[in-house]
Amino acid sequence: MTTATSPQARREVAIVAFAQTRHVRDSATLSEVEMLMPVLHEVLGQVGLTAGEIGFTCSGSCDYLAGRAFSFTMALDGVGAWPPISESHVETDGAWALYEAWVKLLTGEADTALVYSYGKSSPGRLRDVLTRQLDPYYLAPLWPDSVALAALQAQALIDAGDTDETALAAVAGRSRTAAGGNPYAQESGDRPQGAYVVRPLRRGDCPPVGDGAAAVVLAAGDTARRLCERPAWIRGMDHRIEAHALGVRDLTDSPSARLAAERAGAFDAPVDTAELHAPFTSQEVVLRKALGLGDDVTVNPSGGPLAANPVMAAGLIRLGEAAARIHRGESRRALAHATSGPCLQQNLVAVLEGEDR
Amino acid sequence: MSAVTGKEPVAVVGVGQTHHTSARHDVSIAGLVREAAQRALVDASMTWADVDAVVIGKAPDFFEGVMMPELYLADALGAVGKPMMRVHTAGSVGGSTALVATSLVAARVHRTVLTLAFEKQSESNAMWGLSLPVPFQQPLLAGAGGFFAPHVRAYMRRTGAPDTVGVLVAYKDRRNALRNPYAHLHEKDITLEKVRSSPMLWDPIRYSETCPSSDGACAMVLTDGAGGRRAPGPVAWVHGGAMRSEPTMFAGKDFVSPRAGRDCAADVYRQAGITDPRRQIDAVEMYVPFSWYEPMWLENLGFAQEGEGWKLTESGVTELDGDLPVNPSGGVLSTNPIGASGMIRFAEAALQVRGTAGGHQVDGARLALGHAYGGGSQFFSMWVVGSGHPGE
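Student: A description of the overall build of chain A should follow, citing residues and the corresponding values.
Tutor: Summing up its helical and strand segments, chain A has eleven helices and twelve strands in all. Whereas a compact globule of 357 residues would reach a radius of gyration of roughly 21 Å, chain A reaches 19 Å, a difference of no more than 12%. Considering only C-alpha atoms, chain A reaches an extent of 50 × 45 × 40 Å along its principal axes. Counting all 357 residues of chain A, 65% fall into the buried class.

In structure tokens:
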């Protein structure tokens, strides 16, 4: 396998704006479009552009949350795609929409991109809904839910001596305490770990179920410098997938996250911040090991997915939160991570840097 | 285009598809996609190890009842340890998926990319998948035909086209399909009269003027300039590709000739240096799920003046031996695994300029258009491929 060009030779692309909703347990009074519109207006407002001035638009969402086919078409109406726009959609987390947009900007066909994603988990029972993404012939008919699968992973980690329940509780406590400074978080402040949901995972080890949306604007080269005082330059980005069946994977490790990080250049220089899409406390343990993150790295200062986990937007939010820290001058070099599939099957890593002026 | 923007040239070096049919009971979804991918690799004289990334597309997940099936398909497509992306842009998805894969090569992120689209409609019910009621939104309870029939009537009224034109298209495409071993419908005893007397489904669309529901998959191997030049087999070079979207419904929308389609075509022609598509393009693979969309898209794509598309069809220009063959493969009217249908159009265009279309080859085709659309005629994706290198 080969990567065609060294990252240094690529066109410079940066995240120049980020916006998100206040994530809530149930947004029953809002349609997806109504939930999304303020975020789109805010992110475009940050850079002073209209939808029609954007070179490429890409979104991420999933029909199974909405319970119907083509749910993303109505969201496009909210963007206001008139005159017609150059646009695409991924049926997965918005982090992959950002990847598609990044590639589009690398080709030189566009100088700016709008990326958005959203998910409303409230209309259904998320744990049941997510079982439908498993192997449809052998696994999905058994309805193993997302918490049960994560619990298998957590138990494997405990059995391997990689963590224990006290350490997992510390991850939960640290994340939700950090979320105290995040006005968009759904759950913040130190709270009790609570009862077991599926042993060894307690309530506190699991992400909140909620609704939310997020959007970013990407721009290339001088356009990025013009739109943003301190752009978050994407130094590298890569994603890798593993086998689907849990039985053929070592659940205590994440070789795909490690490989994606290596290809993204994450190991070329130390990072000061990491936004990890680890919905369960135990998954942070896996990712810290795979990504070689030491205690000197600030992990999930936003509170991470344990504070707000709107499915299909939570990965894009990691990229947005990492970029926002660079925009604010709170980070110089950050790693952002997104995941998809059961037990971290698919992982994306981006390395973002601010320019020291 | 490479000279202008510094993009890497992209070559189609392998094409594979399954034999399409109503129900492939002999394979799982994984088996189905594997079959198409394997054929594309064999066609490219490559192995799974040569593939750097996989880009997969399909239409709504409700059609098979599997949420994000790419996760489960990673193993079957040899994607383990590689990047795998999933695209979904409604009926245009097969084309959009190919274009995302093209961008990965054009941006020099990867050298060789396997792209694939599929639908296994027999494992669910597409009509049901399209008709789930949504609160506070206009219901579409009659499937796709019920949605598109009024727009066909609007076209007929606007242009004065005689009501026989749709029948001609269906008769042509079904005869073309007889030359394509992979096509779903092989109606050996098809006659114009049989099409004309088939039951009326959604007036003016008759049963024989509609697409079938198919199981099937289509795959392509795309590679960079160096890979294309040293490929052992014939190559289709990508001369241009574009996507355009507009809202589903609004007061200014022209459902007969959507602006997104016109803009998309203009962008692709500009990239490919095409100023007179009617004269310069040798073959068209157009997304025609209901027969009347051939004359409608002929106008939308700039092959005919507004109101004149039906005249091209009626005069035989779009026949396999005509001056501008449209859907030599038999088209969507003969084969419709929905999520794959757009990629089949792109792949068939590539086959034409590679000269490997077999029984439905258009003699001397050097430049071909692949076209796909989706949603409420709101998503468009197109590419132009050529037998010659785009820089030459």
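Still more to cover.
Student: How would you summarise the state of the cysteines if you had to cite specific residues and measurements?
Tutor: In total, this model carries zero disulfides over all chains according to the counting rule given. Looking at the unpaired C62 of chain A, the closest cysteine sulfur is the one in C58 of chain A, lying at 15 Å. There is no disulfide at C264 of chain B, and the cysteine sulfur nearest it, in C58 of chain A, is 15 Å away.

Student: Talk me through the interface of chain A and chain B; I want residue IDs and the actual numbers.
Tutor: Contact residues are listed per partner, giving 58 residues for chain A and 58 residues for chain B. For the pairing of chain A and chain B, the buried interface totals around 5400 Å² over both sides, and the portion due to carbon and sulfur atoms is 63%. For E109 of chain A, the salt bridge is made with K7 of chain B, and the minimal N-O distance between the two is 2.7 Å. The interface formed by chain A and chain B holds 17 residue pairs in polar contact (both at pLDDT 80 or more) in total. Where the side of chain A that touches chain B is concerned, the elements lending two or more residues are α2 (63-66), α3 (72-79), β3 (87-90), α4 (94-107), α5 (126-131) and β8 (232-241) of chain A. Here the side of chain A that touches chain B gets seven residues from one element, more than from any other, and that element is α4 of chain A. Across the side of chain A that touches chain B, the residue classes tally to 28 nonpolar, 17 polar and 13 charged.

Student: So what's going on with the pattern of salt bridges? Residues and values would help.
Tutor: The tally for this structure, following the rule as stated, stands at 50 salt bridges over all chains. Close ionic contact of R203 of chain A with E187 of chain A constitutes a salt bridge, the shortest N to O distance being 2.4 Å. Placement of the pair is R203 of chain A in the loop between β6 (201-202) and β7 (211-220) and E187 of chain A in the loop between α7 (165-178) and β5 (196-198), with a sequence separation of 16 residues. With a relative accessible area of 35%, R203 of chain A lands in the partly exposed category. With a closest N to O distance of 4.0 Å, D215 of chain B and K120 of chain B form a salt bridge. Taken together, the residues span a long stretch of sequence, with D215 of chain B in strand β7 (residues 215-223) and K120 of chain B in strand β4 (residues 112-120) at a distance of 95 residues. For the pair shown, D215 of chain B and K120 of chain B are each scored as buried. One salt-bridge network, held together by shared partners, links E12, D222, R225 and E355 of chain A.

Student: Tell me what's going on with unusual backbone geometry, and back it up with residues and numbers.
Tutor: Residues and elements named next belong to chain A. The amide bond that connects W82 to the next residue, P83, takes the cis arrangement and shows omega of 0 degrees. With respect to the element layout, P83 can be found in the loop between α3 and β3. Cis geometry marks the peptide bond from R199 to P200; its omega dihedral reads 10 degrees. With respect to the secondary-structure elements, P200 resides in the loop between β5 and β6. The backbone phi angle of F70 is positive, close to 60 degrees, even though this residue is not glycine. Mapped onto the elements of the fold, F70 is located in the loop between α2 and α3. Located in the positive-phi region is N300, a residue other than glycine, with phi close to 50 degrees. Mapped onto the elements of the fold, N300 is located in the loop between β10 (298-299) and α11 (314-327). Note on N300: relative accessible area 2%, which makes it buried.

Student: How would you explain the confidence of the model for chain B if you had to name every residue and give the values?
Tutor: Residues and elements named next belong to chain B. Mean pLDDT over chain B: 94, with 95% of residues reaching 70 or higher. Across residues 1-5 the pLDDT falls below 50, and counting only partners more than four positions away or on other chains, this stretch makes nine contacts in the model. For this predicted complex, the interface confidence comes out at an ipTM of 0.97, alongside a pTM of 0.97.

Student: Would you mind going over the sheet that holds β8 of chain A in detail, with residue names and values included?
Tutor: Residue and element names in this part refer to chain A. The strand order across the open sheet formed by ten strands is β3-β2-β4-β7-β1-β8-β12-β11-β9-β10, and the pairing between neighbours is mixed. Only two strands of the sheet have a single partner each, and these edge strands are β3 and β10. Bridge count for strand β2 (residues 56-60) against strand β4 (residues 112-120) is five bridges, and the pairing is parallel. Across the sheet, residue G60 finds its bridge partner in β4, namely S117. Here α11 sits on the sheet in contact with β1 (13-20), β4, β7, β8, β9 (273-275), β10, β11 (333-340) and β12 (346-353), set at roughly 110 degrees to β1.

Student: Before we move on, could you go through the sheet that holds strand β8 (residues 236-245) of chain B and cite the residues and values that matter?
Tutor: Residues and elements named next belong to chain B. If you trace the nine strands from one edge of the open sheet to the other, you get β3-β2-β4-β7-β1-β8-β11-β10-β9, paired in mixed fashion. The open sheet is flanked by β3 (84-87) and β9 (283-285), the only strands paired with a single partner. Mean inter-strand twist for the sheet, computed between neighbouring axes without regard to direction, equals 25 degrees. Sheet topology note: the strand β10 (residues 367-374)/strand β11 (residues 379-386) ladder contains eight bridges and is antiparallel. Across the sheet, residue G370 finds its bridge partner in β11, namely W383. Along the sheet, helix α10 (residues 259-272) makes contact with β8, β10 and β11, crossing β8 at roughly 150 degrees.

Student: Any details on the nonpolar core? Residues and values, ideally.
Tutor: Within the largest apolar cluster, 81 residues are counted, with the highest numbers of intra-cluster contacts made by I15, L98 and L218 of chain A together with M220 and W383 of chain B. Considering every element that reaches this core, the biggest residue donor is α4 of chain A, with ten residues.

Student: Residue-level account of the packing of helix α4 (residues 93-106) of chain B against helix α15 (residues 338-354) of chain B, with values.
Tutor: All names here are of chain B. In the contact formed by α4 and α15, the axes pass within 5 Å of each other and the chain directions differ by 60 degrees. The angle between α4 and α15 falls in the class oblique. Together, V93, G94, G95, T97, A98 and L99 of α4 and G339, G342, M343 and F346 of α15 make up the contact between the two elements. Considering only residue class, the contact of α4 with α15 consists of five nonpolar, five polar and no charged.

Student: How would you explain the side chain of E275 of chain A if you had to name every residue and give the values?
Tutor: Residue and element names in this part refer to chain A. With respect to the helices and strands, E275 occurs in strand β9. Residue classification places E275 among the buried residues on the basis of a relative accessible area of 0%. When near neighbours in sequence (up to four residues on either side) are disregarded, E275 contacts N300, P301, S302, G304, R318, E321, A322, L335, A336 and H337.

Student: For the pairing of β4 of chain A, give the residues involved together with the corresponding values.
Tutor: Residue and element names in this part refer to chain A. Among the nine residues that make up β4, nine are buried, leaving the element largely enclosed by the rest of the structure. With nine bridges joining them, β4 and β7 adopt antiparallel strand pairing. Counted as the bridge partner of V115 is V216 from β7.

Thresholds applied
Residues numbered from 1 in each chain as written. Chains lettered and ligands numbered in written order. Predicted model: local features only at pLDDT ≥ 70, side-chain atom pairs only at ≥ 80, totals over all residues. Heavy atoms only, no water. Helix = DSSP H or I, 4+ residues; strand = E, 2+ residues; numbered from the N terminus. Rg over C-alpha atoms; globule rule 2.2 N^0.38 Å. Buried < 20%, exposed > 50% of the residue type's maximum accessible area, 1.4 Å probe, protein only. Disulfide = S-S within 2.5 Å. Contact = heavy atoms within 4.5 Å. Buried area = accessible area lost by both parts, 1.4 Å probe. Salt bridge = Lys/Arg side-chain N within 4 Å of Asp/Glu carboxyl O. Polar contact = N/O pair within 3.5 Å; in protein donor to acceptor, adjacent residues only side chain to side chain. Nonpolar A, V, L, I, M, F, W, Y, C, P; charged D, E, K, R; others polar. pLDDT = per-residue confidence, 0-100. Pairing = 2+ DSSP bridges. Axes fitted to C-alpha atoms, helices over the stretch in contact; angles between N-to-C directions. Core = buried A, V, L, I, M, F, W, Y, C linked by side-chain atoms within 4.5 Å. Parallel < 35°, antiparallel > 145°, perpendicular 65-115°, else oblique.

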